[in-house]
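What follows is each chain in one-letter form.
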Amino acid sequence: MPNFSNTLKISRSGLKLFLDCPRCFWLDLHHKVKRPPGYPYTLSAAVDYLVKQEFDKYREKGTLPPVFAKEGLDAKLYSGPEMSEWRNNFKGISYFDEDLNAILYGAVDDVLQFFDKSLAVIDYKSSGSKEITIYDDYQKQMDIYTHILNLKGFETQPHAYFVFYQVQKDGGGFQNVLPFKEILKRIDVNPSWVSDVFERAVQTARQENPPINQNHCDHCHYVDRVVEIQRILPEDVNI
């Protein structure tokens, strides 16, 4: 069993898992019992990669990409030396809580810096849906990133931005080109809940025994059934 008296690292997605199911969160950390992964979003990852390349060109010029410039924002893309680390999936933007001996982290897509030096998080999303939806997970994602920026001593805006790349399906065919419509969505952020949830997640992670589920979880039910079946099968039968 891992030694959780050492520094604990919890990612943004790990905190989401804790909110979804504390027991799944505990099983993941203690026994590497993970939920089945979803299909890889390779097209979305490719779009993210290309958008970062494009936005970096505007960063070097000190100008805003058109999707932001047309809003008349008195801002620019943040160009601090931390950006390369903040974008790194294995490092990200992080904060070490000395009292909890734990780190909360997550990788951002981009950051805006306003005239007063305050920051606002940017996230790129690609979608093939007819309507753009800001899901609860998207909201929490921005809340967490804003919370970490605050803990690191940065002033932040009361909002964050999504840049959606929506596939246009009215072109009459593929023709080896996938057209996207660029849509900017601004949301209000509320990082006030993050600190308490992070502390509870750390406490749960350091428990010797898994928490009892208050609500039904399909994955936990599946794990429990596997354990039950293993107990009644002969020792030489593996599943």
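What you see is a predicted model; the values in this text were computed from it and never measured.

Parameters and conventions
Residues numbered from 1 in each chain as written. Predicted model: local features only at pLDDT ≥ 70, side-chain atom pairs only at ≥ 80, totals over all residues. Heavy atoms only, no water. Pairing = 2+ DSSP bridges. Helix = DSSP H or I, 4+ residues; strand = E, 2+ residues; numbered from the N terminus. Axes fitted to C-alpha atoms, helices over the stretch in contact; angles between N-to-C directions. Contact = heavy atoms within 4.5 Å. Salt bridge = Lys/Arg side-chain N within 4 Å of Asp/Glu carboxyl O. Buried < 20%, exposed > 50% of the residue type's maximum accessible area, 1.4 Å probe, protein only. Parallel < 35°, antiparallel > 145°, perpendicular 65-115°, else oblique. Nonpolar A, V, L, I, M, F, W, Y, C, P; charged D, E, K, R; others polar. Phe/Tyr/Trp six-rings, centres within 6.5 Å; stacked < 30°, edge-to-face > 60°. Lys NZ or Arg CZ within 6 Å of the ring centre and 35° of its normal.

A few words now on the sheet that holds strand E4 (residues 102-106). Strands belonging to one sheet form pairs held by backbone hydrogen bonds; the direction of such a pair is parallel or antiparallel. Here we have three strands laid out as an open sheet, ordered E1-E4-E3, and mixed in their pairing. Edge positions in the open sheet fall to strand E1 (8-11) and strand E3 (93-97), since each of these has one partner strand only. If you compare each strand with its neighbour and ignore which way they point, the axes differ by 20 degrees on average. In this structure, E1 lies alongside E4, joined through four bridges in parallel fashion.

Right, let's talk about the sheet that holds strand E2 (residues 75-77) for a bit. Within the open sheet, the five strands sit side by side as E2-E5-E6-E7-E8. Their pairing is mixed. With partners counted over all chains shown, the strands left at the sheet margins are E2 and strand E8 (180-188), one partner each. For this sheet, the mean angle separating the axes of adjacent strands, direction not counted, is 25 degrees. Relative to strand E7 (residues 159-167), strand E6 (residues 119-127) runs parallel, the two being bridged by six bridges. From the neighbouring strand, Ser 126 faces E7, where its bridge partner is Tyr 165. Helix H6 (residues 136-151) contacts E6, E7 and E8 of the sheet and is inclined by roughly 155 degrees relative to E6.

Now for the pattern of salt bridges. One pass over the full model with this rule turns up 14 salt bridges. The shortest N-O distance in the salt bridge between Arg 59 and Asp 110 comes to 2.8 Å. In this pair, Arg 59 is assigned in helix H3 (residues 42-61) and Asp 110 in strand E5 (residues 110-114), connecting sequence segments 51 residues apart. For Asp 110, a relative accessible area of 0% puts it in the buried group. Its salt-bridge partner being Arg 200, residue Asp 196 comes within 3.2 Å of it at the nearest N-O pair.

Moving on to the packing of helix H1 (residues 12-20) against helix H7 (residues 194-205). One way to put it is that H1 packs onto H7 with a least axis distance of 10 Å and a crossing angle of 80 degrees. With respect to each other, H1 and H7 are oriented roughly perpendicular. Of the residues in H7, those in contact with Leu 15, Phe 18 and Leu 19 of H1 are Val 194, Val 197, Phe 198, Arg 200, Ala 201 and Thr 204. Split by residue class, the contact of H1 with H7 holds seven nonpolar, one polar and one charged.

All right, on to the packing of aromatic side chains then. If you walk through the whole model with that rule in mind, you get 11 aromatic pairs. Relative to Phe 154, the ring of Tyr 78 lies with its centre 6.4 Å away and its plane at 85 degrees, an arrangement referred to as edge-to-face. Pair noted here: Tyr 78 is in the loop between E2 and helix H5 (83-86) and Phe 154 is in the loop between H6 and E7, with a separation of 76 residues, a long-range link. A relative accessible area of 8% places Tyr 78 in the buried class. Seen in terms of ring centroids, Tyr 138 and Phe 164 are 6.5 Å apart; in terms of plane orientation they differ by 45 degrees. Their pairing is tilted. Of this pair, Tyr 138 sits in helix H6 while Phe 164 sits in strand E7, and the two are 26 residues apart along the sequence. Pair check on accessibility: Tyr 138 and Phe 164 agree, each one buried. Pairwise contacts between aromatic rings join Phe 55, Phe 68, Tyr 124 and Tyr 161 into one cluster. The side chain of Lys 61 reaches across the aromatic face of Tyr 58, ending 5.6 Å from its centre.

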